[in-house]
Amino acid sequence: MIKNIWAAFLIMAVLLPMFLFLNPFAWGMRRAPEYVPSVRLETVLEQMRLEISQEEQIQIDTYNNTANLWYLRDCENKKLDSLENLNIELSEIKNEAFIEEKIKKFEPLIQKEIECKCYDSLVFSYSVHKEAKADTKDSDTLEYDFQKESEPRKVVIGFKIRKQ
Amino acid sequence: MKNSFLISYSFLRFQSMAYLFVIFWTTLIANVPSMFVIWKYTELMNGIVFFIFLFVVLLSVIVLIMQVLKIYSSQNQDNSIIKKVWIVVNIVLYYLVVGADLYIVSQFRF
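None of these values were measured; they are calculated from a predicted model.

### A word on the overall build of chain B
So, step 1. In terms of regular secondary structure, chain B is built from 4 helices and 0 strands.
So, step 2. Counting from the amino terminus, helix and strand elements in chain B follow one another as α-α-α-α.
So, step 3. Considering chain B as a whole, with its 110 residues, one finds that 45% of them fall into the buried category.
So, step 4. The long-range fraction of contacts in chain B, counting pairs at least 24 apart against all pairs at least 6 apart in sequence, stands at 78%.
So, step 5. As displayed, chain B has an accessible area near 6200 Å², and 76% of this comes from carbon and sulfur atoms.

Spelled out as structure tokens, the structure:
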């Protein structure tokens with residue numbers, strides 16, 4: 001009796017993984033590969049964020065990049081037709097001059113931490129919080145401003161990566 | 001005897017070695033990512049390996065069930081404790097092989 005129960009238990013144990021393994025829905029739930037920055041790059045980006053946080057609170061994201069699992073392997077094996085840019089996105093800012101100064105300071109440090117031969121350019125993008133415009137309707141000419149006053153202005157700064 | 005071949009020591013040994021090879025290859029792929037760069041056909045190899053491992057897993061289901069039925073059936077004269085424990089160990093290795101196969105899927109592109 002105990003032998004039969006144990007045998008039935010072992011058979012169920014063998015069949016159990018098949019519910020996951022042969023389940024097409026389980027296969028569809030695989031996590032898609034995403035861009036994962038290296039530890040050193042994350043450290044540099046965190047330093048940048050801390051320096052910028054002296055004036056304003058921002059977030060720095062690198063999610064908007066091709067998943068590096070296969071991209072870097074294809075690059076090493078010379079299977080790529082063209083190189084992509086590495087995009088670093090900052091959240092909405094107010095002091096544009098300050099941010100540009102920090103970007104120029106950290107750009108060479110970031111370039112050191114990425115695979116220079118696999119990326120074409122380093123691209124920083126952020127939105128500038130636009131202040132409301134003063135009413136200047138004292139001229140006869142019509143001014144068309146299609147941008148709403150509350151809409152932030154998108155800025156993109158690119159740096160060509162120096163191949164090492 | 002053909003009837004007891006599945007629960008013979010040689011077959012159990014072969015089965016364990018096959019499972020251990022699957023686990024070893026997957027561990028190698030997981031811990032040595034530079035293999036993809038050293039040999040550019042690693043990804044293609046992993047695709048082939050996945051289908052072989054898939055076949056091994058599906059065949060294992062049938063073989064393990066037959067082994068359990070044979071070893072625990074009342075007609076079986078062989079009451080070897082070693083074989084019973086060995087089959088349980090092979091079931092545990094089979095779980096690791098299923099996990100390994102699921103990992104290998106992520107190491108090649110369809």
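### Overview of the interface of chain A and chain B
For an interface, size is often stated in terms of accessible area lost upon the parts coming together.
So, step 1. In this complex, chain A contributes 24 residues to the contact, which on the side of chain B involves 30 residues.
So, step 2. For the pair chain A and chain B, the summed buried area comes to about 2400 Å², and 73% of that belongs to carbon and sulfur atoms.
So, step 3. Summed over the three residues of chain A that lose the most area to chain B, namely A:Val14, A:Phe21 and A:Trp70, the buried surface amounts to 27% of that side.
So, step 4. Viewed at the interface, chain B and chain A are joined by 0 salt bridges.
So, step 5. Viewed at the interface, chain B and chain A are joined by 3 residue pairs in polar contact (both at pLDDT 80 or more).
So, step 6. Here the element with the most residues in the side of chain A that touches chain B is helix 1 (residues 2–21) of chain A; it accounts for 14 residues.
So, step 7. Looking at the side of chain A that touches chain B residue by residue, the classes come out as 16 nonpolar, 2 polar and 6 charged.

### Some words on the packing of aromatic side chains
So, step 1. Scanning the entire structure with this criterion turns up 8 aromatic pairs over all chains.
So, step 2. Look at B:Phe50 and B:Phe51: their rings are 5.0 Å apart centre to centre, the planes differ by 70 degrees, and that puts the pair in the edge-to-face class.
So, step 3. One aromatic cluster in this structure is built from B:Phe5, B:Phe11 and B:Phe14.
So, step 4. Directly above the ring of A:Trp70 sits A:Arg73, whose terminal nitrogen or CZ lies 4.9 Å from the centroid.
So, step 5. One Lys or Arg, B:Lys83, reaches over the ring of B:Tyr9 and ends 4.9 Å from the middle of that ring.

### Looking at the state of the cysteines
Residue and element names in this part refer to chain A.
So, step 1. A complete count under the given rule lists 1 disulfide over all chains for this structure.
So, step 2. There is a disulfide in this structure between Cys75 and Cys118, and the S-S distance comes to 2.0 Å. Here Cys75 and Cys118 share a disulfide; its torsion about the S-S bond, -95 degrees, makes the bridge left-handed. Here Cys75 is found in helix 4 (residues 68–76), whereas its partner Cys118 is found in the loop between helix 5 (96–113) and strand 3 (119–128), with 43 residues between them in sequence. Taken individually, Cys75 and Cys118 each receive the classification buried, so the pair is uniform in this respect.

### Structural notes on the packing of helix 1 (residues 9–31) of chain B against helix 3 (residues 42–72) of chain B
Helix-helix packing is described using two parameters, namely the angle between the two axes and the distance between the axes.
Residue and element names in this part refer to chain B.
So, step 1. For the pair helix 1 and helix 3, the least separation of the axes is 11 Å and the interaxial angle reads 150 degrees. Read as a crossing pair, helix 1 and helix 3 show a hand that is left-handed. The residues of helix 3 that touch helix 1, namely those facing Phe11, Leu12, Gln15, Tyr19, Val22, Trp25, Thr26 and Ile29, are Thr42, Met45, Asn46, Val49, Phe53, Val56, Ser60, Val63, Leu64 and Gln67.
So, step 2. Split by residue class, the contact of helix 1 with helix 3 holds 12 nonpolar, 6 polar and no charged.

### Side note on the nonpolar core
Burial of nonpolar side chains together is a common tendency in soluble globular proteins.
So, step 1. B:Val68 and B:Tyr94 are the most contacted members of the largest nonpolar core, which has 34 residues in total.
So, step 2. Secondary-structure elements contributing two or more residues to this core are helix 1 of chain A together with helix 1, helix 3 and helix 4 (81–105) of chain B.
So, step 3. Broken down by element, the residue count for this core peaks at 11 residues, all from helix 3 of chain B.
So, step 4. Listed in part, the 31 residues of the second largest apolar core include A:Leu86, A:Leu90, A:Ile99 and A:Phe124.

### Structural notes on the UniProt feature "transmembrane region" (unreviewed entry) in chain B
Residue and element names in this part refer to chain B.
So, step 1. Here, the residues flagged by UniProt with the feature "transmembrane region" (unreviewed entry) are residues 20–42, 48–73 and 85–105.
So, step 2. Between the C-alpha atoms that bound residues 48–73 there is a distance of 37 Å. The span itself is 96% helix and 0% strand.
So, step 3. Along residues 85–105 one finds 100% helix and 0% strand; the C-alpha atoms at either end are 31 Å apart.

Reading guide: rules and limits
- Residues numbered from 1 in each chain as written.
- Chains lettered and ligands numbered in written order.
- Predicted model: local features only at pLDDT ≥ 70, side-chain atom pairs only at ≥ 80, totals over all residues.
- Heavy atoms only, no water.
- Helix = DSSP H or I, 4+ residues; strand = E, 2+ residues; numbered from the N terminus.
- Buried < 20%, exposed > 50% of the residue type's maximum accessible area, 1.4 Å probe, protein only.
- Contact = heavy atoms within 4.5 Å.
- Areas by Shrake-Rupley, 256 points an atom, 1.4 Å probe, with all protein chains shown as cover.
- Buried area = accessible area lost by both parts, 1.4 Å probe.
- Salt bridge = Lys/Arg side-chain N within 4 Å of Asp/Glu carboxyl O.
- Polar contact = N/O pair within 3.5 Å; in protein donor to acceptor, adjacent residues only side chain to side chain.
- Nonpolar A, V, L, I, M, F, W, Y, C, P; charged D, E, K, R; others polar.
- Phe/Tyr/Trp six-rings, centres within 6.5 Å; stacked < 30°, edge-to-face > 60°.
- Lys NZ or Arg CZ within 6 Å of the ring centre and 35° of its normal.
- Disulfide = S-S within 2.5 Å.
- Axes fitted to C-alpha atoms, helices over the stretch in contact; angles between N-to-C directions.
- Left-handed = near helix turned anticlockwise from the far one by under 90°.
- Core = buried A, V, L, I, M, F, W, Y, C linked by side-chain atoms within 4.5 Å.
- UniProt positions renumbered as here; feature names shortened; annotations may be inferred.

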